[in-house]
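# Coordinates in review
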Amino acid sequence: MIFKILLLTSFLISQSNMVFNFESKYGNGTNINDLNLQEVNYSYFENLLDINYNYKNIFFYTQLEYSNSPIYGIDRYKINSLPNTYYIELSDSQYLFKFGHIQTLYGYGLATNMFQDHNTDFDNRVKGAELKYMPLDEVELFAISGTGNYGIKSRADARYNALNFKYDYDLFGVQYFTEIGDFLASFGTNKTKFKAGILNDYSINQPFLSSDTRLSVELQEFQLDTGFSEFSSIANEDTFVELNSLNIGYSNTLSIFDIYYEKSINTYNKILRKAQNQNGYNEYLSLSTNLFGFDILYEFKDYNMPYYFPITSNPPTVFMESSSVLLSRNLHAINFSDEIGHQFEARVDLNDISFIFNISMGMKHYGIQYTEFSQDNGLVNGTYSKVNWNDVLKMNFLNEDLVAHKPFRDYYAEMNGWSRNNSLYYKFGLSSQYSYDNVSAKNYQTITIPTQFVYRLKNNNSVTIYYENQKIDNLNSSVDWESYYIRQKYSNEYLSLSYNINKFASFTYFLDKEIKSFYDANSEEMPGRKNNKWTGYEINFELSSSAQLSIFQGSQKGGLVCANGICAVQPSFEDGIKVTYRTIF
């Protein structure tokens, strides 16, 4: 019997394909605690093993994690906590069935875009089942049903998610492919559960009761209207928010234009009020074409769900996410519930030189309220005046109505190419970023110049120089908004020098400098000035075509890092060592 089992197992393995991806990260150093500004020990040991197995029309995937402690998230060192994720997939020419952790996208994600991102500790997947069925070549039916556990941080600098919500998600829909375009229609429900007492815990409820989002402000008003005692009593019971969503999409090529349009029409109840329903929507438009050698893209977004806490939807950000180190620290943090915006981009190649031009801008919707004190009338409530896109282009900081809408406006231009018989690559960029968030005292006016040069040597070795220079003004208004002073000025530089030995290793030196100045623009005095510098060295060994080892020694600046519109504060790293090993086998 044992011989038969072994024979069957060996046969199955011989007919299958199995691939392992392993990544191990170790770090030991110190960082600065953002709450008390004290230097504390900082270390991590994170290990991820991806297992991919394929046999005919069966695909299985799982990820095992041993982390004590991880860079982000909870410790995983006990046997029962090692399986991080898994799914099994069965498919043929007409159907696909998946069971486990569902990572999927429909349309452009206005209703459904579920994925996991270890870099920001983001995970909005459900554990359940997904089915796709194609009865005809022109028709695809799909359905999802599952439950998830979505977590967010109570503070941006936290290393784990303190606020966790279970939710039930069900979706069914159809995609119809025709000669006049491709159509998408779906209906979904999302029931997010709030555990009893979670909103009464002031150590973690800041995103809901201490923020300036409309969801938080409205919830604070409900707390005041009902009274703190009554609010606490209501919040001490289990409750839920239920969303019903109708999603439609259309795509087609019309002459020289590619068009995509999607809209999600939603109904949901307010937090702690199951009977108070709200209507909202998410809308997205994309147009692209090629005119006179220029690749042109225009995008429009209108995300209007101000009292909703989104989980399964992750629509397009509609602004350019650069690979620049310094730019990524100041990217606009999108509000997927309350934002409207535009993006225009043009790309062209002229005489082996590529040019990129991009402009994006956005702001919150009209209707932002304020409360101010008047000596004659006491507390006065009002609504900030409506602003237009011309105001956003000018970004006048003394326009109080504009600043209240948390606007951003980004310009970016770049030229890059190869010269000297493709032995020298160069890139020059210029970015102007204006982003106002007065409540957080982050009213940035930023100019950044990123550059990169790569020189190929005759022996296939190469030298890479990456240099960025950045100037930031962080503005702060006076009480009456009739004048302002520049509260902080930053002058930042980032440099990396690399020498790559073909098929062996690369050696890199890092320098990150910051000069921070404090002064009153109406005075020549400079009360404060602070210089910071972070340096480090890294060696990357190419052990084989499928294995790499990286060793870093030194310091790295922490700060906000954004990806796919999701932002997290990366912790600083002082005077330590980092080791990363990756392999595929």
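Definitions and limits used
- Residues numbered from 1 in each chain as written.
- Predicted model: local features only at pLDDT ≥ 70, side-chain atom pairs only at ≥ 80, totals over all residues.
- Heavy atoms only, no water.
- Helix = DSSP H or I, 4+ residues; strand = E, 2+ residues; numbered from the N terminus.
- 1 Å grid on protein atoms, 1.4 Å probe; cavity = no way out; pocket = protein on both sides within 12 Å on 5 of 7 lines; lining within 4 Å.
- Points joined across faces, edges and corners; volume = space filled by probe spheres on them.
- Nonpolar A, V, L, I, M, F, W, Y, C, P; charged D, E, K, R; others polar.
- Core = buried A, V, L, I, M, F, W, Y, C linked by side-chain atoms within 4.5 Å.
- Buried < 20%, exposed > 50% of the residue type's maximum accessible area, 1.4 Å probe, protein only.
- pLDDT = per-residue confidence, 0-100.
- Contact = heavy atoms within 4.5 Å.
- Pairing = 2+ DSSP bridges.
- Axes fitted to C-alpha atoms, helices over the stretch in contact; angles between N-to-C directions.
- Phe/Tyr/Trp six-rings, centres within 6.5 Å; stacked < 30°, edge-to-face > 60°.

### Thoughts on unusual backbone geometry
At the junction of N68 and S69, the peptide bond is cis and its omega measures out at 0° in the coordinates. Phi at L272 takes a positive value of approximately 70°, unusual for a residue other than glycine. Relative to the helices and strands, L272 resides in the loop between β15 (257–270) and β16 (273–291). A positive phi angle, close to 50°, is found at N351, a residue other than glycine. Following the sequence through the fold, N351 ends up in the loop between β18 (338–350) and β19 (353–363).

### Considering empty space enclosed by the protein
Tallied over the entire structure, the rule returns four cavities of 30 Å³ or more. Here the largest cavity is characterised by a volume of approximately 160 Å³. Those elements that provide at least two residues to the lining of the largest cavity are β12 (163–178), β13 (181–194), β14 (239–254) and β15. If you tally residues by element for the lining of the largest cavity, the top one is β13, at four residues. Its residues placed into classes, the lining of the largest cavity shows 11 nonpolar, 10 polar and no charged. Quantified by volume, the second largest cavity comes out at close to 90 Å³. If you go around the second largest cavity, the residues you meet are M320, S322, L327, L331, N358, S360, D410, Y411, Y412, S431 and Q433. With three residues, strand β22 (residues 408–419) is the largest single contributor of residues to the lining of the second largest cavity. Residue classes in the lining of the second largest cavity are distributed as five nonpolar, five polar and one charged.

### A look at the nonpolar core
Core analysis: the largest hydrophobic core is formed by 46 residues, its most contacted members being F165, L199, F208, L219, I271, L272 and F309. Elements with a contribution of two residues or more to this core: β11 (139–152), β12, β13, α2 (206–209), α3 (214–226), α4 (228–235), β14 and β15. Counting residues in each nonpolar core, the second largest holds 13 residues, with V387, M395, V403 and Y434 among its members.

### Observations concerning the confidence of the model for the protein
Looking at the protein as a whole, its pLDDT mean stands at 89, while 90% of the residues score no less than 70. Note that residues 1–9 has pLDDT below 50 and, in this model, zero contacts with residues that lie over four places away or in other chains.

### Quick notes on the pairing of strand β17 (residues 294–304)
Looking at chain direction, β16 and β17 are connected through 11 bridges and run antiparallel. Along β17, the bridge assignment pairs S286 with E299. Linkage of β16 to β17, two consecutive antiparallel strands, is achieved through a turn of two residues, within which F292 is found at a positive phi near 55°. Of the strand pairs in this sheet, β17 and β18 are connected by 10 bridges, and their pairing is antiparallel. Across the sheet, the residue bridging to Y303 is E339, located in β18.

### Some thoughts on the packing of α3 against α4
Any two packed helices are characterised by the angle at which their axes cross and by the distance between the axes. Where α3 contacts α4, the axes come no closer than 6 Å and their chain directions differ by 120°. Mapping the contact onto sequence places L219, F222, Q223, L224 and T226 in α3 and F228, E230, F231 and I234 in α4. In the contact of α3 with α4, the residues fall into six nonpolar, two polar and one charged.

### Here we look at the packing of aromatic side chains
What the rule picks out here adds up to 34 aromatic pairs. Taking the centre distance of 5.0 Å and the plane angle of 65° together, the rings of F165 and F194 count as edge-to-face. Within this pair, whereas F165 is found in strand β12, its partner F194 is found in strand β13, the two being separated by 29 residues in sequence. Residue F165 is classed as buried on the basis of its relative accessible area of 1%.

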